[in-house]
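# Notes for the structure review
Now for the letters of each chain:
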Amino acid sequence: MPSPTAALNDDRRHHVGCIDYEPCDAGVTMRVFYPTSMTSSMFSALRPANVPHWKYYYGMLVFQFNVQRANALVRFVVVCACRLGWLVMRFIATINATMNAPLVADDGEKLDVIVFSHGLSGFRTCNANVACELAARGCVVFCVEHRDGSATASASSGENRSVQYQLYKPTGGTHESRRVQTKVRVTETLTCAKCVDDLDSGDFVSRNIWRGGGGRAQRVLDSFKGRLNADSKTLCGFSFGGGSSCATTAQAPTVFARCVLFDHWLEYFNDDDILTSACSMPTLSLLSENWGSSKLAVNNTTMLTANTRTFYKVTINGAKHHDFSDVRAFLGLARNVIGMVGVVNIHAMHAFVAKITVDFIRNASNVQVSRDDAQRSMGRVIAQCKASLPDVRMH
């Protein structure tokens, strides 16, 4: 008898490789996840860490408690704790992928492209498990690490292959500050889209081949030439990244062919013109239980009213906001501090999110497919996954 999760993984075709990429003078860093034939190490310690550096843990504490304002002794203790915590979690919370693995062999089919925008206090590997699930299904996922001050930390290359880190910038959490950051995020997202085009054409210069990469990493980047479905990109965003993705589609409606939103946060918007212009292309909204049932609803309704024909909504009951990310893995028991963690099987949820996203990209969002046929296609995915996620609903 097949296991309940068999239907979730029946479309996984590949192992997963990943690479850090910072194009020359682009002002953006990303972790790229892609399909490979190379199996990841069976030893967790040899896989990439879910949290790239101890400073990301420190940035989380800046976000939660603004520890930068504490005295020197407290900051010293916090730094030591973050270093020690990272050294431990680096061997426990890892990504099931291989750094700088070769791209899967060319079978004549272009690889689907997804540009992913992380949430508030996120970073380029904060949603790595979903990105790996997408890559295993033949997608290339460009996870942007935003430098607008909303990431726990953001990395950039320094001299002699050193890496510099910018920590989260406390703003008081005002909506005005989020609107300012959104403008930066839109620019960075569009820059990433241009970088996809450059990789596909082979017209790029990598500013850095980070530690351990060397010629092997350069060969991986070179291998993307001619392999990407760059004319049909998907924009995907989680939480604040979902809100900034909506703003991106409003400002540049032709850059992306479709949009996928995970618990998109729109509460800080005050411009109805952006909301009514956003997501004019086919858009899939995946929501955790009760997300958007209060303050978000007004702005969400404004956006939906303008785009009812091409907007699809799926709710995963039993899931909470941070279940879209890897918080359960890299925070351990400390995840209870931030909350918003549900009761679903997290591996099943991430596989389902990838599975329905891929169906949306390849089937449901096709302009020649009617709304009814699109809903039936995604409905079949929901039915296949019912044994592992019994309460998923399409609206």
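Please read all numbers here as calculations on a predicted model, not as lab measurements. (Residues numbered from 1 in each chain as written. Predicted model: local features only at pLDDT ≥ 70, side-chain atom pairs only at ≥ 80, totals over all residues. Heavy atoms only, no water.)

## Notes on the overall build of the protein chain
On a plain count of helices and strands, the protein chain comes out with 12 helices and 13 strands. For the protein chain, the C-alpha radius of gyration of 20 Å lies close to 21 Å, the compact-globule estimate for 395 residues. By its C-alpha atoms, the protein chain is 60 × 45 × 45 Å across when sized along the principal axes. Put simply, the protein chain has 395 residues, and 55% of those count as buried. (Helix = DSSP H or I, 4+ residues; strand = E, 2+ residues; numbered from the N terminus. Rg over C-alpha atoms; globule rule 2.2 N^0.38 Å. Buried < 20%, exposed > 50% of the residue type's maximum accessible area, 1.4 Å probe, protein only.)

## A closer look at the packing of aromatic side chains
By the definition in use, this model includes 14 aromatic pairs. Relative to Y168, the ring of F63 has its centre 5.1 Å away and its plane inclined at 80 degrees; by these criteria the two rings are edge-to-face. Remark: Y168 occurs in the loop between β7 (163-167) and α4 (175-201) and F63 occurs in helix α1 (residues 54-65); sequence separation between them is 105 residues. Taking 6.0 Å as the distance between ring centres and 55 degrees as the angle between the ring planes, the aromatic pair formed by F116 and F262 counts as tilted. Residue F116 is found in strand β4 (residues 112-117), and its partner F262 is found in strand β10 (residues 258-262); the two are separated by 146 residues along the sequence. Accessibility assignment for this pair places F116 and F262 in one class, buried. Put simply, the rings of Y56, F123, Y165 and F330 touch in pairs and so form one group of aromatic residues. Above the plane of the ring of F91 lies R90, whose end atom (NZ or CZ) is 5.6 Å from the centre. (Phe/Tyr/Trp six-rings, centres within 6.5 Å; stacked < 30°, edge-to-face > 60°. Lys NZ or Arg CZ within 6 Å of the ring centre and 35° of its normal.)

## Observations concerning the nonpolar core
Counting residues in each nonpolar core, the largest one holds 48 residues, and the members touching the most others are F33, V141, F262, L284, F352 and I356. Looking at this core element by element, the count peaks at 11 residues for helix α11 (residues 346-364). With near-sequence residues (within four places) excluded, L284 lies in contact with C259, V260, L261, Y312, V314, I356, T357, F360 and M378. Counting residues in each nonpolar core, the second largest holds 28 residues, with I19, Y21, L199 and L221 among its members. (Core = buried A, V, L, I, M, F, W, Y, C linked by side-chain atoms within 4.5 Å. Contact = heavy atoms within 4.5 Å.)

## Focus on the environment of T302
Among the secondary structure elements, T302 is positioned in helix α8 (residues 296-306). Assessed through its relative accessible area of 21%, T302 is described here as partly exposed. Taking the C-alpha atoms as reference points, T302 and I274, separated by 28 residues in sequence, lie 9.9 Å from one another. Setting aside chain neighbours within four positions, we find T302 in contact with D272, L275 and T276.

## Topic: unusual backbone geometry
Here the phi dihedral of N100 falls at roughly 60 degrees; this positive angle occurs in a residue that is not glycine. Along the chain, N100 falls in the loop between β3 (98-99) and β4. Its relative accessible area of 8% is what places N100 among the buried residues.

## Re the pattern of salt bridges
Under the defined criterion, the tally for this structure stands at 15 salt bridges. In this structure, R12 and E133 form a salt bridge, with 3.0 Å as the shortest nitrogen-oxygen distance. One end of the pair, R12, is in the segment before β1 (15-23); the other, E133, is in helix α3 (residues 128-136), with 121 residues separating them in the sequence. Using a relative accessible area of 31% as the deciding quantity, one classes R12 as partly exposed. Residue classification places E133 among the buried positions, given a relative accessible area of 9%. Here E145 and R124 are joined by a salt bridge, their closest N and O atoms 3.0 Å apart. Of this pair, E145 sits in strand β5 (residues 139-145) while R124 sits in the loop between β4 and α3, and the two are 21 residues apart along the sequence. One connected set of salt bridges, linked through shared partners, spans D20, R31, R124 and E145. (Salt bridge = Lys/Arg side-chain N within 4 Å of Asp/Glu carboxyl O.)

## Examining a nonpolar patch on the surface
Taken together, the side chains of L84, V88, F91 and I92 make up a nonpolar region of the molecular surface, amounting to roughly 410 Å² of accessible area. Residue position: V88 is located in helix α2 (residues 72-89). According to the relative accessible area criterion, V88 is partly exposed, its value standing at 44%. (Patch = residues over 30% accessible without salt bridge, like charges linked within 9 Å, V, L, I, M, F, W, Y side chains within 5 Å. Areas by Shrake-Rupley, 256 points an atom, 1.4 Å probe, with all protein chains shown as cover.)

## Quick look at the packing of α3 against α11
Remark: α3 packs on α11, axes separated minimally by 9 Å, with the N-to-C direction vectors making an angle of 50 degrees. Accordingly, the angle class assigned to the pair α3 and α11 is oblique. Helix-helix and strand crossings are classified by hand; for α3 and α11 the assignment is right-handed. Between α3 and α11, the contacting residues are N129, V130, E133 and L134 on the first element and H347, H350, A351, V353, A354, T357 and V358 on the second. Residue composition of the contact of α3 with α11, by class: six nonpolar, four polar and one charged. (Axes fitted to C-alpha atoms, helices over the stretch in contact; angles between N-to-C directions. Parallel < 35°, antiparallel > 145°, perpendicular 65-115°, else oblique. Left-handed = near helix turned anticlockwise from the far one by under 90°. Nonpolar A, V, L, I, M, F, W, Y, C, P; charged D, E, K, R; others polar.)

## Here's the deal with the pairing of strand β2 (residues 29-36)
Most of β2 is tucked away: eight of the eight residues are buried. Of the two faces of β2, the one holding T29, R31, F33 and P35 and the one holding M30, V32, Y34 and T36 are both buried throughout. Across seven bridges, β1 lies against β2 in antiparallel orientation. Bridging from a neighbouring strand, I19 pairs with V32 of β2. Strand direction decides the pairing type here: β2 and β5, joined by five bridges, are antiparallel. (Pairing = 2+ DSSP bridges.)

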